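Architecture at a glance
In case you want the letters, here they are:
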Amino acid sequence: MKRTALCLCAVAATLAAGAKEIVKTPVYSWHGDTITQGVFMATAPNDTVIISTYSAQPGYFMGISKEWHKKNNLSSYPKLSTPNTLHRAIYNMGLDEMVNAVEPDTTLRTGKEWAGVWTRDVSYSILLSMAYLQPEATRISLMKKVDRLGRIIQDTGSGGAWPVSTDRMIWAVAAYEYYLVTGDKEWLKKIYPIIKKSLEDDLYSNLYSKKTGLVKGETSFIDWREQSYPKWMQTADIHQSEATGTSIVHARAWQVLSRIAAQLGHKKEAAKAEEQAQKIIDGINANMWNADKGYYNMYTYGRDNLIANPRAETLGESLAILWDVADADRARTITESNPTTPFGAAIFYPQIADMPAYHNNALWPWVGSFWALANAKAGNEKGVMQAIGAVFRPAALFATNKENFNLDNGDIATELNSSNMLWCLAGNIALTHKLLFGIDFTEEGLAFHPFVPEALGQERTLSNFEYRGCRLNITVKGFGKNIASFTVNGKTQQPLITPAQARKAKGKTLDVVITMDDQPIPAMAVKEVKNVKAPLTPIARLEGRQLVWNPIEYIGSYVIVRDGERIDTVHTTTYDASVPGEYQVIGVSTDGVEGFASEPMSTRTQAFFKPDTENLATELFSEEVTYQPNGKIQGYTGRGFVETDHKNDNIGFDITIPVEGDYALSVRYANGNGPVNTENHCAVRTIIVDGDEIGTVVLPHRGRGNWDDWGYSNSVTFHAKPGRYHVYLYFQVWDENMSIRTNHAIIDGVRVVMLPQKK
């Protein structure tokens, strides 16, 4: 086999010398039927084989494939005909690995190394191409992610999953895509109460910021906290942060609920859902747009005063374009401004210097596919070509649809990596179906809006494509972004196959011919950049009224932040913090790249209050305790703590407010019911002050059996006049977590901090 590979690559090298160049960046090129990266080469001798000479980082533990050979019968799936053999082979590899991903129970496997159905993975895969290629597996997989209370499941994650991770609502968007494919009204009736209950739980749990309209919680799919957040952030801080990508997912889910409600005759519910979607969209555009950089900020973060993380996050930017959160002008600006490295658009940019590659410093092909579709919608031809290349390069060189790639060298040596990755193979297929053939499932029917860059302007056909019982043979001729003519069986019509037209042609084949206008697509820019690491995060502390932090190498300056506002730029490592406030410091490199802000340090007046009970405990008694402590619990203040679980759910505190103003209240707690990075036992409680509900506190687990690790919840704010108030931690039905069985933590007391007064 090695000799065969060498011979084939020698032939490919000879042919490549005169082959048409399709995509070229400083690190790789796609020319003809070959992709070349340095001394490595991948080629397709035919459309059922890919052979590569790539050698991964020596000793990498997750392996590498150098050849792909078709293993499965693909005759029942759409067949691609195009002059480019490599394109056909990469497409067929996507279909071949898709068949591998269908489990015996007709669910969609996440990846070769990752068994089971995961909510976000399967949902994004369904949106890309699985809804119509694997409709039965789509339906079954989606219903696997609904719990016995009729809620969408947030997979295990940081601090105990929901509501630290909050992107489960992508399920709603995927479930509606299945309806658009099938037209099954009974399915709409089934998913409507699931989506409604899940969204209302999020709404009643104060997951939506009253101040900004944004959604709290982890950035969608980027679910390893150290990979995308500063190290000082605890999981409660991540819950309090507000992410653009997750907010867009929620806005789209509310829109889906509105559309389903309208179709089921619930007009008032439809109007309410659309109004809620618009609130989130308005919040994104008002609070997250970064006019200086030309894209949306990744998220806001902090404690009592949130600030923006000005990184670009490619999935969020893509969804903003595809789902019309960004208007047409902003969409074009995003595609020209989102940084693109030689290997493609990063998950986010710039990178975190002291974190290994996985979400950080990485490209994930399925995100690249959404980015390609977004560039096509915005009309950016160069952006489309580079995005396609960023997906095809690794597919060819690694002879499989791998999970992610290191942006420093394009290799697979990251923290974890799987072959046959579901959402990556789904994205591979989507580039052909949804971009080059422009296939789009809508309420009106199967619509077409191909985007064909001039470099890919060969005639191509997709045969045996099924829609509502009929078969389509779809041919696209020429290049451009506008259709010159659209015919079905030789008759001109609008570029839409309606459900009625499909029913009439049931059991038959329709020949669809799309002729593009062959007009050059107006040129747009791509922001091509080196793969940059941001400066390290300062480690700050208070020494009296001085803010002090460690020096960082190769720094240009430090930005001082007080109460969320930038107040100064200095070149020292100390700052006078005598003015009361919450202080942070940001390191800025000599070329203007910002790192994360340091952990907030407050010099504001604060007070601590213990529970108003004589029954303080020093040991655990609740039946809900998942992991017992190793010994007697320590680290609490005063005489002890109280437990909160489903039965003991009404814990009270008497607090004293000295002067009228705005205050932030947080809970000092411990939760040893799970590890920091997984499982689903996050405790959630509603805060009531003198009978008024003021917000929700989240008490994530902080380490398996680690009951001596005390920390603070997120903070909730309220306005109060001088006096004595009674605070309750109360369990509401919408505070139920993903575990259902265990919603338990121990409470040491509450902290009340006076906030800066409004001007």
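Remember, it's a predicted structure, so these values are computed and weren't measured experimentally.

So, how was this worked out
- Residues numbered from 1 in each chain as written.
- Predicted model: local features only at pLDDT ≥ 70, side-chain atom pairs only at ≥ 80, totals over all residues.
- Heavy atoms only, no water.
- Helix = DSSP H or I, 4+ residues; strand = E, 2+ residues; numbered from the N terminus.
- Expected span 1.5 Å × (residues − 1).
- Buried < 20%, exposed > 50% of the residue type's maximum accessible area, 1.4 Å probe, protein only.
- Pairing = 2+ DSSP bridges.
- Axes fitted to C-alpha atoms, helices over the stretch in contact; angles between N-to-C directions.
- Contact = heavy atoms within 4.5 Å.
- Polar contact = N/O pair within 3.5 Å; in protein donor to acceptor, adjacent residues only side chain to side chain.
- Core = buried A, V, L, I, M, F, W, Y, C linked by side-chain atoms within 4.5 Å.
- Phe/Tyr/Trp six-rings, centres within 6.5 Å; stacked < 30°, edge-to-face > 60°.
- Lys NZ or Arg CZ within 6 Å of the ring centre and 35° of its normal.

1. Description of helix 9 (residues 244-263)
Between its terminal C-alpha atoms helix 9 stretches 29 Å, which fits the 28 Å expected from 20 residues at 1.5 Å a residue. In terms of burial, helix 9 is a largely internal element, 17 of the 20 residues being buried.

2. Quick notes on the sheet that holds strand 3 (residues 34-37)
Across the sheet, six strands lie side by side as 1-2-3-4-5-6; this open sheet has antiparallel pairing. At either end of the open sheet lies a strand with only one pairing partner, and these are strand 1 (21-24) and strand 6 (67-69). Going from strand to strand, the sheet's axes swing by 15° on average, the running direction of each strand aside. Where strand 3 lies against strand 4 (residues 40-46), four bridges are found, and the strand directions are antiparallel. Each bridged residue has a counterpart across the sheet, and for glutamine 37 the counterpart in strand 4 is phenylalanine 40. Across the sheet, helix 2 (residues 85-101) lies against strand 2 (29-31), strand 3, strand 4, strand 5 (49-52) and strand 6, angled at about 85° from strand 4, the strand it touches most.

3. Observations regarding unusual backbone geometry
The amide bond that connects tryptophan 162 to the next residue, proline 163, takes the cis arrangement and shows omega of 0°. Relative to the elements of secondary structure, proline 163 occurs in the loop between helix 4 (135-144) and helix 5 (170-182). In this model, tyrosine 349 is joined to proline 350 through a cis peptide bond whose omega is 0°. Along the chain, proline 350 turns up in the loop between strand 16 (348-349) and strand 17 (351-352). At aspartate 690, a residue that is not glycine, the phi angle is positive and equals roughly 45°. With respect to the helices, strands and loops of the structure, aspartate 690 is situated in the loop between strand 41 (683-689) and strand 42 (692-699). Overall, aspartate 690 belongs to the partly exposed group, its relative accessible area being 45%. The phi torsion at isoleucine 740 lies on the positive side, around 70°, for a residue other than glycine. With respect to the helices, strands and loops of the structure, isoleucine 740 is situated in the loop between strand 45 (723-730) and strand 46 (745-754).

4. Describing helix 5
For helix 5, spanning 13 residues, the distance from its first C-alpha to its last is 19 Å, which sits close to the expected 18 Å at 1.5 Å a residue. Helix 5 sits mainly inside the fold: twelve of its 13 residues count as buried. All of the buried residues in helix 5 are Ile170, Trp171, Ala172, Val173, Ala174, Ala175, Tyr176, Glu177, Tyr178, Tyr179, Leu180 and Val181. Looking at the residues trailing helix 5, positive phi occurs at glycine 183, about 70°.

5. Topic: the sheet that holds strand 25 (residues 491-492)
Read across the sheet, six strands follow the order 7-22-23-27-24-25 without closing on themselves; strand pairing throughout is mixed. Single-partner strands in this sheet number two, and they are strand 7 (79-81) and strand 25. Of the pairings in the sheet, the one linking strand 24 (residues 483-488) to strand 27 (residues 509-516) comprises five bridges and is antiparallel in character. For valine 488, the partnering residue across the bridge sits in strand 27 and is valine 512.

6. Notes on the environment of valine 513
Position of valine 513 among the secondary structure elements: in strand 27. For valine 513, a relative accessible area of 24% translates into the label partly exposed. Along the primary structure valine 513 and threonine 492 are separated by 21 residues, whereas in three dimensions their C-alpha atoms are 9.4 Å apart. Ignoring anything within four residues of it in the chain, the contact list for valine 513 reads Thr475, Lys477, Ser485, Phe486 and Thr487.

7. Re the side chain of asparagine 404
Inspection of the secondary structure assignment puts asparagine 404 in the loop between helix 14 (381-398) and strand 19 (405-406). By relative accessible area, which is 0% here, asparagine 404 ends up buried. There is a polar contact of 2.5 Å between the side chain of asparagine 404 and the side chain of threonine 414. With residues up to four places along the chain from it excluded, the contact list for asparagine 404 reads Tyr358, Leu363, Trp364, Pro365, Asp411, Ile412, Thr414, Leu416 and Asn417.

8. Considerations on the pairing of strand 40 (residues 661-670)
Across the ten residues that make up strand 40, a large majority, ten, are buried. One ladder, built from five bridges, connects strand 40 with strand 44 (residues 716-720); its direction is antiparallel. Across the sheet, glycine 661 pairs through a bridge with alanine 720, a residue of strand 44. Across eight bridges, the pairing between strand 40 and strand 46 is antiparallel.

9. Here's the deal with the nonpolar core
Formed by 191 residues in total, the largest nonpolar core has its most connected members in Tyr124, Met130, Ile195, Trp366 and Leu472. What isoleucine 195 contacts, discounting residues up to four positions off in sequence, is Met169, Trp171, Ala172, Ala253, Val256, Leu257 and Ile260. The next biggest cluster of nonpolar side chains, apart from the first, holds 27 residues, and it includes Ala683, Val716, Phe718 and Tyr725.

10. Observations regarding the packing of aromatic side chains
In this structure the tally under the stated criterion is 33 aromatic pairs. With 4.3 Å between their ring centres and 25° between their planes, tryptophan 224 and tyrosine 358 make a pair best called stacked. Of this pair, tryptophan 224 sits in the loop between helix 6 (185-204) and helix 7 (225-228) while tyrosine 358 sits in the loop between strand 17 and strand 18 (362-363); the two residues are 134 residues apart in sequence, bridging distant segments of the chain. By relative accessible area, which is 30% here, tryptophan 224 ends up partly exposed. Taken together, the ring pairs in this structure connect Tyr124, Phe221, Trp224, Tyr358, Trp364, Trp366, Phe370 and Trp423 into an aromatic cluster. Looking at arginine 311, its charged tip hangs above the ring of phenylalanine 596, at a distance of 4.3 Å from the centre.

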